[in-house]
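# Descriptive structure summary
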Amino acid sequence: MNKAGQIQPLSEAVGSLVKDGSFVALEGFTHLIPFAAGHELLRQGRTDLTVVRLTPDVLFDQMIGLGRVARVVFSYGGNPGVGSLHRFRDAVEHGWPREIELREHSHAGLANAYVAGASHLPFAVLRGYAGTNLPEHSEDIAFINCPFTDERLSAVRAINPDVAIIHAQQADAQGNVQLWGLTGVQKEAVLAARHAIVTVEEVVDELTPRPRAIVLPNWVLDAVCHVPNGAWPSYAADFSVRDNGFYEEWDAISRDRDRFTQWMEDNVLNVTPAVAR
Amino acid sequence: MNKAGQIQPLSEAVGSLVKDGSFVALEGFTHLIPFAAGHELLRQGRTDLTVVRLTPDVLFDQMIGLGRVARVVFSYGGNPGVGSLHRFRDAVEHGWPREIELREHSHAGLANAYVAGASHLPFAVLRGYAGTNLPEHSEDIAFINCPFTDERLSAVRAINPDVAIIHAQQADAQGNVQLWGLTGVQKEAVLAARHAIVTVEEVVDELTPRPRAIVLPNWVLDAVCHVPNGAWPSYAADFSVRDNGFYEEWDAISRDRDRFTQWMEDNVLNVTPAVAR
Amino acid sequence: MIPVDPTGEEVMTIGAARELADGEVVLVGVGPPNAAANLARRLDAPGCVLVYESGAIGARPQRLPLSIGDDDLAAAAQDLVSVPEMFNYWIGGGRIDVGFLGASQIDRFGNINTTVIGDYQHPKVRLPGAGGAPEIAASAGRIIVLLRHSLRSFVGEVDFITSVGRELNGADGGHTSAVITDLGVLRRSPADGELELVALHPGVEVEQVLEATGWPLRVREPLGVTEPVTERELSELRALRVSANGSS
Amino acid sequence: MIPVDPTGEEVMTIGAARELADGEVVLVGVGPPNAAANLARRLDAPGCVLVYESGAIGARPQRLPLSIGDDDLAAAAQDLVSVPEMFNYWIGGGRIDVGFLGASQIDRFGNINTTVIGDYQHPKVRLPGAGGAPEIAASAGRIIVLLRHSLRSFVGEVDFITSVGRELNGADGGHTSAVITDLGVLRRSPADGELELVALHPGVEVEQVLEATGWPLRVREPLGVTEPVTERELSELRALRVSANGSS
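Attention here is on the structure that accompanies the text. (Residues numbered from 1 in each chain as written. Chains lettered and ligands numbered in written order. Predicted model: local features only at pLDDT ≥ 70, side-chain atom pairs only at ≥ 80, totals over all residues. Heavy atoms only, no water.)

## Quick look at the overall build of chain C
- When helices and strands are counted, chain C shows 7 helices and 14 strands.
- Computed over C-alpha atoms, the radius of gyration of chain C comes to 17 Å, within 12% of the 18 Å expected from 2.2 N^0.38 for 248 residues, which places it in the range of a compact globule.
- Each principal axis of the C-alpha atoms in chain C carries an extent, and together these give about 50 × 45 × 35 Å.
- Within the span of chain C, comprising 248 residues, buried residues form 62% of the whole.
- Counting contacts in chain C only where the partners sit at least 6 residues apart, residues at least 24 apart contribute 65% of the total. (Helix = DSSP H or I, 4+ residues; strand = E, 2+ residues; numbered from the N terminus. Rg over C-alpha atoms; globule rule 2.2 N^0.38 Å. Buried < 20%, exposed > 50% of the residue type's maximum accessible area, 1.4 Å probe, protein only. Contact = heavy atoms within 4.5 Å.)

Next comes the structure, spelled out in structure tokens:
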């Protein structure tokens, strides 16, 4: 199916594709995290979201702390190299500013749930989960027997988000996208979702194949948006470096409810993003 | 597990790893077909083999025609762009020079059998096979129900060959391998097999990452052998082009049992391969 | 003026090329479908996305690929992916609008046999087998089969169902929606999925088709006639073939 | 001469680094395991292959990675693969000899909790969760846990089993084989898989360990003492840390 994704402003892409209550994947495994797109979604007031990501970090902490998230599907919720996600913990431990529902996986389980979603299969099979307490708290994990060996294995329910949002290094003028370096589960997230938005560091005339890259042709994308530095404080290899200082700073900002709220107003909600990128 | 694959002569690699009766994958999907290694195996007299490949073409036709193959696991047995594999047909239709057992898949089924093998899982799930006559002639295809949706899906038994043999463009001096272009199921075949042999076009000091490449580190390989043009009449992108003329010529050579046998003696069995490559 | 009359295979290939709408995502197999898809891209469907099961996505071959593993095909593609990814994410994932398939036998419901003629265990003719066809047939939006008309190929019952011709659950769409032959065009009945003759190529009589079909073929009224092959279509197709031969 | 005495964490990290044999394939998690594996590579196991769940295979970082997604870590790796491939082909595929894991709680069988302190639905402390640990624990040849000794961490029963500590079917090998703490070394009993104190770090008394362990810890006789930290080990570790700080 040819979605013929076009280059367009981020505000239009998010505005037309993300609704209140949408199931949104914002993927990026330690690299290329789509912060700018997530912030745009917050500025547009979207709420009651189900959000999914293997490694919810500061971006999900921000969304959760503003009360925009009803449900988080995830496998590791920490501030990498720093410690806790305080807004995430506050929501789970004290229901502030609202209760959130958790749908919890291991990385292997959630990655394979995307794989199943991308493959148009209702589930995926893996080892793992056996003997852990994870299955008893999840409707998305089950056990099945191998039809050949009768071995017991785990199964995870496929994930098919309404919208997948990722950040990449490059698009060409037709909206074909290339990203490289640690590419995580981004291909699977895009192919599993009904719609896909990609923000990119730069738009070039033609994509030159790069080592260790994945390509997402425009016909599997709905929108491509030119947003330089759209991963900050995460990074885009060959364009920026990870702002480790900000991740450490976030620990202090997010510990306090009022300071967090004020910071979000000053730095995300009441900010006009650079235009005409 | 670190197999610490070393660079060594092809004759030693094949001699130490392939036995009569071995289950051998010789993979290459329309590109990088390991002809030289297959011929070495024939010269060493190996027989009663179970051989697996998605697209058995001229190489398997040669092995089958010499009576070295007891069983073929495959999904498409033709001479691409030319027509039938006459030795394969003669064995199936007339049992010449011996009966062979077929274990037949679709591409999707066999590719996923390798995926399961590489993932240390006993089976893989896919759509497909439903309504076809393939399952009733296979012990390697079954049907299972999704534990979440109860949808009926097909399952294929994992494949774990004794040895996988592939051809690649490059190795470095430590035996790390890089191949690029159409890479088929080669990574899965190597990772699914107990042992792996790779023949390469060239040995370089250091591998430079290439676009559209896969890398097989030496610790998943048993042996790496320097065999320039080791894919002929197939090709290695950026090193050689496909010898389409030979594939057409093969049609005539292989139609006749005597001409075939003579050709194999003159061109494969009684040939000393170039040494010290 | 067309210098030489089109052959049956040329009429068939051009008829298949006309089936594609611009921008569609097309899974291309070996043989005549390969020519048809590449011809369409040079005619009225330049935005078609060609996908080859060998792993090439968005292939833009400069010459007609001789096999689906052609070097030129890989070099000019938008991306190359592994075969498992191709079948799981791209074909199985439901991203293909049109699958072109060939066949050795086809029946009235569009079931395809590429496995054996005769009994499976003791075949009269051992055919190449399934390849990617079963999953392409099951996953693509619609399937177009290219096949020369003959009693050997158009049979009452295929000896072996390699790929299923119609939706198993009776749902709309999918599976064999059209068969383009050297004599005319068959399409799937919206009512029950049986193939019906809907058009003859110019100069072909309906009796020729019925005689070359191994079951009582339904004829849809009014029976159409396909547009004559144009000079542009034929010259583009022949140029494609010359480029292929030049490369071998 | 060691300029400054090693801290407890340094003793623990160096002890973990000593567990690796040259050439082993090591799955490295965040935090202290990261330092231990990179230290081993600079000491007696230069041929160790470092694998990060972020997708880096054969990583050769020039400085200590701050997170498993460090840019330097990716750039110098032998290869980068997707996260699904990492978990399916490399970790699940059984290619890892040693998995280094951290923990918030551990029990006598090496079961690990990184999910919650307290009740799952109403936790006292919500921890980050599973990450890659359950499958690493289930698939690696052996698991080494790095954890500072305290009653909060070494508990009679973990509040939540995130990763399983011993083979479910009682088979040899696999799962938690050693716990390196700031006080000493615990190893899995070959008989029943329970963790036993096998060595103390120099200057540590056995009572200190027993008091910091929330179950009646078995002591294997004769109880050993680990080799004192060498100047080379300590200076290499400190150089690693300086390089990490210098990069932030």
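Still more ground to cover, so stick around.
## Here's the deal with the overall build of chain A
- Across its full length, chain A holds 8 helices and 13 strands.
- In terms of overall dimensions, chain A is globule-like: its C-alpha atoms have a radius of gyration of 18 Å, near the 19 Å expected for 277 residues.
- Reported as C-alpha extents along the three principal axes, the dimensions of chain A are approximately 60 × 45 × 30 Å.
- Looking at chain A residue by residue over its 277 residues, the buried ones come to 65%.
- Across chain A, every contact between residues at least 6 apart in sequence was considered, and the portion connecting residues at least 24 apart equals 75%.
- For chain A, the accessible surface area stands at approximately 9,000 Å², while carbon and sulfur atoms represent 45% of it.
- For chain A, the centre of its 23 positive side-chain charges and the centre of its 34 negative side-chain charges are spaced 2 Å apart. (Areas by Shrake-Rupley, 256 points an atom, 1.4 Å probe, with all protein chains shown as cover. Lys, Arg positive; Asp, Glu negative; His and termini not counted. Charge placed at Lys NZ, Arg CZ, Asp CG, Glu CD.)

## Digging into the interface of chain B and chain D
- Contacts between the two partners involve 14 residues from chain B and, on the opposite side, 18 residues from chain D.
- Taken together, both faces of the contact between chain B and chain D bury some 1,400 Å²; the carbon and sulfur share is 55%.
- Contact with chain D buries area across many residues of chain B, yet B:M1, B:L191 and B:W219 alone supply 38% of it, more than any other trio.
- If you look at where chain B meets chain D, you find 1 salt bridge.
- For D:E85, the salt bridge goes to B:K187, with nearest N and O atoms at 2.7 Å. (Buried area = accessible area lost by both parts, 1.4 Å probe. Salt bridge = Lys/Arg side-chain N within 4 Å of Asp/Glu carboxyl O.)

## A closer look at the interface of chain A and chain D
- Taken residue by residue, the interface counts 43 residues in chain A and 44 residues in chain D.
- Between chain A and chain D, the buried area comes to about 3,400 Å², and carbon and sulfur atoms account for 60% of it.
- Considering only the surface of chain A that becomes buried against chain D, A:H137, A:L182 and A:R212 emerge as the three largest contributors, covering 18% of it.
- At the junction of chain A and chain D, the tally comes to 1 salt bridge.
- Across the pair A:E104 and D:R126 runs a salt bridge whose closest N-O atoms are separated by 2.5 Å.
- Residue contributions to the side of chain A that touches chain D peak at 5 residues, all from helix α5 (residues 107-118) of chain A.
- Each residue belonging to the side of chain A that touches chain D can be placed in one class, and the counts come to 19 nonpolar, 17 polar and 7 charged. (Nonpolar A, V, L, I, M, F, W, Y, C, P; charged D, E, K, R; others polar.)

## Some thoughts on the packing of helix α1 (residues 10-17) of chain B against helix α2 (residues 35-43) of chain B
Residues and elements named next belong to chain B.
- Viewed as axis vectors pointing N to C, α1 and α2 meet at an angle of 60 degrees, and their least axial separation amounts to 10 Å. Taken as axis vectors, α1 and α2 run oblique relative to one another. Taken as a pair, α1 and α2 cross one another with a handedness that is right-handed. Residues L10, S11 and V14 of α1 form the contact with α2, whose own contacting residues are A36, A37, E40 and L41. (Axes fitted to C-alpha atoms, helices over the stretch in contact; angles between N-to-C directions. Parallel < 35°, antiparallel > 145°, perpendicular 65-115°, else oblique. Left-handed = near helix turned anticlockwise from the far one by under 90°.)

## Quick word on the environment of C:E227
Residues and elements named next belong to chain C.
- Assignment of secondary structure puts E227 in the loop between β14 (218-225) and α7 (231-247).
- Residue classification places E227 among the exposed residues on the basis of a relative accessible area of 59%.
- Each C-alpha atom, one on E227 and one on D79, is 36 Å from the other, the two residues being 148 residues apart in sequence.

## Some thoughts on the sheet that holds strand β8 (residues 152-157) of chain A
Residues and elements named next belong to chain A.
- With antiparallel pairing, 3 strands are arranged side by side in an open sheet as β6-β8-β7. At either margin of the open sheet sits one strand with a lone partner, and together these are β6 (123-126) and β7 (141-145). Here the average twist between neighbouring strands, direction ignored, is 35 degrees.
- Looking at chain direction, β6 and β8 are connected through 4 bridges and run antiparallel. If you follow V125 over to β8, its bridge partner there is A155.
- On top of the sheet, α5 reaches β6 and β8; it is set at about 140 degrees to β6, its chief contact. (Pairing = 2+ DSSP bridges.)

## Examining the sheet that holds strand β5 (residues 98-101) of chain C
Residues and elements named next belong to chain C.
- Read from one edge of the open sheet, 10 strands run β4-β3-β2-β1-β5-β10-β11-β12-β13-β14, paired in mixed fashion. The sheet terminates laterally at β4 (79-80) and β14, the two strands that pair on one side only.
- Direction of pairing for strand β13 (residues 195-200) relative to β14: parallel, over a ladder of 4 bridges. Bridging across to β14, L200 finds its partner in V225.
- In the packing of helix α4 (residues 83-91) onto the sheet, contacts are made with β1 (25-28), β2 (49-52) and β3 (56-59), and the angle to β3 comes to roughly 60 degrees.

## Considerations on unusual backbone geometry
- Across the junction of A:W232 and A:P233, the peptide omega takes the value 5 degrees, indicating a cis bond.
- With respect to the secondary-structure elements, A:P233 resides in the loop between β13 (223-226) and α7 (244-255).

## Focus on α2(B)
All names here are of chain B.
- The element α2 is extensively covered by neighbouring structure, given that 8 of its 9 residues are classed as buried.
- Every buried residue belonging to α2 is among F35, A36, A37, G38, H39, E40, L41 and L42, and all of these are buried.
- Among the residues trailing α2, G45 stands out with phi positive, at a value near 85 degrees.

## Some remarks on the packing of α2(B) against helix α3 (residues 58-65) of chain B
Residues and elements named next belong to chain B.
- Orientation of α2 relative to α3, taken along the N-to-C sense of each, is 5 degrees, at an axis distance of 10 Å. As the angle between them shows, α2 and α3 are arranged roughly parallel. In this structure, α2 uses F35, G38, H39, L41 and L42 to contact α3, whose residues at the interface are V58, L59, Q62 and M63.
- Classifying every residue of the contact of α2 with α3 gives 6 nonpolar, 3 polar and no charged.

## Some remarks on the pattern of salt bridges
- Enumeration according to the criterion identifies 62 salt bridges over all chains in this entry.
- In this structure, A:E93 engages A:R89 in a salt bridge whose closest nitrogen and oxygen atoms are separated by 2.7 Å. With A:E93 and A:R89 both in helix α4 (residues 86-94) and 4 residues apart, this pair spans about one turn of that helix.
- Across the pair B:D238 and B:R210 runs a salt bridge whose closest N-O atoms are separated by 2.9 Å.

## Points about the state of the cysteines
- If you walk through the whole model with that rule in mind, you get 0 disulfides over all chains.
- No disulfide involves A:C146; its nearest neighbouring cysteine sulfur is the one of B:C146, lying 16 Å away.
- When its relative accessible area of 2% is taken as the criterion, A:C146 is described as buried. (Disulfide = S-S within 2.5 Å.)

## A look at the environment of D:I117
All names here are of chain D.
- Tracing the sequence through the fold places I117 in strand β8 (residues 116-118).
- For I117, a relative accessible area of 18% puts it in the buried group.
- Filtering out sequence-adjacent residues up to four positions away, I117 remains in contact with Q105, P123, K124, V125, L127 and D159.

## Notes on the environment of A:G77
- For A:G77, the location among the structural elements is in the loop between β4 (69-74) and α4.
- Under the relative-accessibility criterion, A:G77 is labelled buried at 4%.
- When the C-alpha positions of A:G77 and A:A231 are compared, they lie 18 Å apart, and in sequence the two are 154 residues distant.
- Contacts of A:G77, omitting those with residues within four sequence positions, involve A:P56, A:L85, A:F88 and D:P128.

## Examining helix α8 (residues 257-269) of chain A
- The complete set of buried residues in α8(A) reads A:F260, A:W263, A:M264 and A:V268.
- Measuring from the backbone nitrogen of A:D258 back to the side-chain oxygen at the start of α8(A) gives 3.1 Å, which picks out A:D256 as the cap. (Polar contact = N/O pair within 3.5 Å; in protein donor to acceptor, adjacent residues only side chain to side chain.)

## Describing the packing of aromatic side chains
- If you walk through the whole model with that rule in mind, you get 20 aromatic pairs over all chains.
- Arranged with centres 6.3 Å apart and planes meeting at 45 degrees, the rings of A:W180 and A:F239 form a pair that is tilted. Of this pair, A:W180 sits in strand β10 (residues 177-180) while A:F239 is found in the loop between β13 and α7, placing the two residues 59 residues apart along the sequence.
- Judged by its relative accessible area of 4%, A:W180 is buried.
- Between B:R210 and the ring centre of B:W180, over which it is positioned, the NZ or CZ distance is 3.9 Å. (Phe/Tyr/Trp six-rings, centres within 6.5 Å; stacked < 30°, edge-to-face > 60°. Lys NZ or Arg CZ within 6 Å of the ring centre and 35° of its normal.)

## Observations regarding the pairing of strand β7 (residues 141-145) of chain B
Residue and element names in this part refer to chain B.
- Of the strand pairs in this sheet, β7 and strand β8 (residues 152-157) are connected by 5 bridges, and their pairing is antiparallel. Note on β8: the bridge partner recorded for N145 is R152.
- Between β7 and β8, which pair antiparallel one after the other, the connecting turn spans 6 residues, and D150 there sits at a positive phi close to 65 degrees.

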